[in-house]
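Results of the structural survey
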Amino acid sequence: MSRILLGISFGLMMAALYLVFIYVPTEGTMGVVQRIFYFHVPVAWVSFLAFFVVFIGSILFLWKRDEKWDMLARSSAEIGILFTSLVLITGPIWAKPAWGVWWTWDARLTTTLIMWVIYVSYLMVRSFAVEESRGARFAAVVGIFGFVDIPITAVAITLWRTQHPRPVIFEGGLAPSMLLTLIVCVAAFTLLYIYLMLQAISLKQAEADLGKISQALRG
Amino acid sequence: MENSGYFFAAFAVVWAVLFAYVVLLVRRQVRLKQEIEALKGMLKEKSLPDQ
Amino acid sequence: MRLPLRKALVIAWKDILSESRTRDILSSVGVFALLIIVIFNFAFEPGSDNVELVAPGVLWATITFAGVLGLGRSFVFEKEKGCLEGLLLCPVDRDVVYLGKMLGSLAFMLAVEIIVVPIFLILFDLPLFLPQLALITLLATVGFVSVGTLFSALAVNTRARDVMLPILFFPIVAPVIIAAMKASGLALERESWSAMSSWLQIMGVFDAIFIVISALVFEFVVEE
């Protein structure tokens, strides 16, 4: 199953690369740099998906107390932080040539930054907890709080920023060729996320099983 | 192609980060295999005296 | 249905009583808040022209930092004296325990704010009698305390507990801080209630949602 997934994911990535580098026309105002958009947006979308999965996994873990939900949530949080970091890195790389500044406290970037911190604290709580089982429960709490908090924070920050002028992402709608490229990229990165999730979860599962076997043998 | 340096940088970062994560997973898998080998060894030692 | 509220109030009253006897945390947090205001004064040098710009930020940064300190202390004490275990042995629902602790912390924070906010207004030469500011402070404090009580109970079971609480707490209450700051700015300029209604709504929604979630999740945090 995961082989098929890998194959499809790889194929989509190749298609995405072709579309982004060769097929899609260069955007009028920003030039070549604008193509970063085709990585930046899908990666951002996938990070939200990842944190939604953390949310669901956290609820299910607290409810059912089955370890596998915790593994799901934790893997998704790790990959989610990875993807959010990519958003926070590609964003400024795009912003500098496009707007002239590395960073601006606009609604999207600020909310993303806060989201990043929340999920880093999700992992921190695990390592700072006194026992591992409690750490998993604490992390689940953070996973739930964090996800509920994001929309409220986004609304508050957006309201805050509408009172200040802000740079526009880009004007006008999306040409069909751009839309196609974007959709393919979103699909490619989503499948990549799923594939990485499967690998991470099975790895954690194997480590857990091995730990139990090792304990049984040595004990 | 103006600004193509930035475009390259963004793309390279994405690729590098994802690659680093995959390497991390692979390393953990290698460690796992080593632990399995060690346990296999222990199992052999334990079962031999019983024969 | 009245009984759970009564039990919560008993728990809250226990905290209020023990704090009013020693006034430990109240005085230390109060003095700390004043010191923060003084430091901010050096940082920003609010002259008469930029006071309205700087003041809301200074006020809410102060309350946030001092509040985190106070919230952190409330559960440390419980843990050290073993009070929490005793409390959990009582046949009370966990969400009632949460409610009680929350109300106790709320009373504590309001007590600090009743002293610190007027002093702040005087030090910055701002109008004193603003009912809008009172409501903003109340809504924001409820928000802080709802999330803070839960995370305080959580952080007390971690290693770097003094730092863990702010790390968990600040990002989650960010919308409350933002709303309180913007609304306070409007209040200081004597704007109408309708001008700040959206900020008040954000705080109200936050408070309602997070009190409920915190109460639901509290038992998972305190169980062994």
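Conventions and cut-offs
Residues numbered from 1 in each chain as written. Chains lettered and ligands numbered in written order. Predicted model: local features only at pLDDT ≥ 70, side-chain atom pairs only at ≥ 80, totals over all residues. Helix = DSSP H or I, 4+ residues; strand = E, 2+ residues; numbered from the N terminus. Buried ≥ 20, exposed ≤ 12 C-beta atoms within 10 Å, placed from the backbone. Contact = placed C-beta atoms within 7 Å. pLDDT = per-residue confidence, 0-100. Nonpolar A, V, L, I, M, F, W, Y, C, P; charged D, E, K, R; others polar.

With that settled, consider the environment of Ala10 of chain B. Looking at where Ala10 of chain B falls in the secondary structure, it is placed in helix 1 (residues 4–47). Residue Ala10 of chain B is classed as buried on the basis of its C-beta count, with 23 C-beta atoms lying within 10 Å. Between the C-alpha atom of Ala10 of chain B and that of Lys46 of chain B, which follows or precedes it by 36 residues, the distance is 55 Å. Contacts of Ala10 of chain B, omitting those with residues within four sequence positions, involve Ile36, Phe39, Thr90, Ile93 and Trp94 of chain A.

Taken residue by residue, chain A gives an average pLDDT of 86. The fraction at 70 or more is 92%. No element of chain A has a lower mean pLDDT than helix 1 (residues 2–23) of chain A, at 82, and none a higher one than helix 2 (residues 37–64) of chain A, at 93.

What follows deals with the interface of chain A and chain C. Opposite the 26 residues of chain A that make contact, chain C presents 24 residues. Secondary structure elements with two or more residues in the side of chain A that touches chain C: helix 4 (107–128) and helix 5 (132–161) of chain A. Of all the elements, helix 5 of chain A adds the most residues to the side of chain A that touches chain C, at 16 residues. Here the side of chain A that touches chain C is built from residues that sort into 21 nonpolar, two polar and three charged.

Once that is clear, we can look at the interface of chain A and chain B. Taken residue by residue, the interface counts 25 residues in chain A and 22 residues in chain B. Going through the elements one at a time, helix 3 (67–99) and helix 6 (176–218) of chain A are the ones with two or more residues in the side of chain A that touches chain B. If one sorts the elements of the side of chain A that touches chain B by residue count, helix 6 of chain A sits on top with 10 residues. For the side of chain A that touches chain B, the per-class residue count stands at 17 nonpolar, five polar and three charged.

This brings us to the environment of Ile202 of chain C. Note that Ile202 of chain C resides in helix 8 (residues 197–222). Through-space distance from the C-alpha of Ile202 of chain C to that of Phe144 of chain C is 13 Å; in sequence the pair is 58 residues apart. What Ile202 of chain C contacts, discounting residues up to four positions off in sequence, is Ile152, Val155 and Ala156 of chain A together with Pro175 and Ala179 of chain C.

This part takes up unusual backbone geometry. Residues and elements named next belong to chain C. Not every positive phi belongs to a glycine, and Asp125 is a case in point at roughly 60°. Mapped onto the elements of the fold, Asp125 is located in the loop between helix 5 (94–123) and helix 6 (131–155). With phi around 60°, Arg190 is a residue other than glycine that occupies positive phi space. As for its position among the elements, Arg190 is in the loop between helix 7 (161–188) and helix 8. C-beta crowding within 10 Å serves as the criterion here: with 10 such atoms nearby, Arg190 is assigned to the exposed category.

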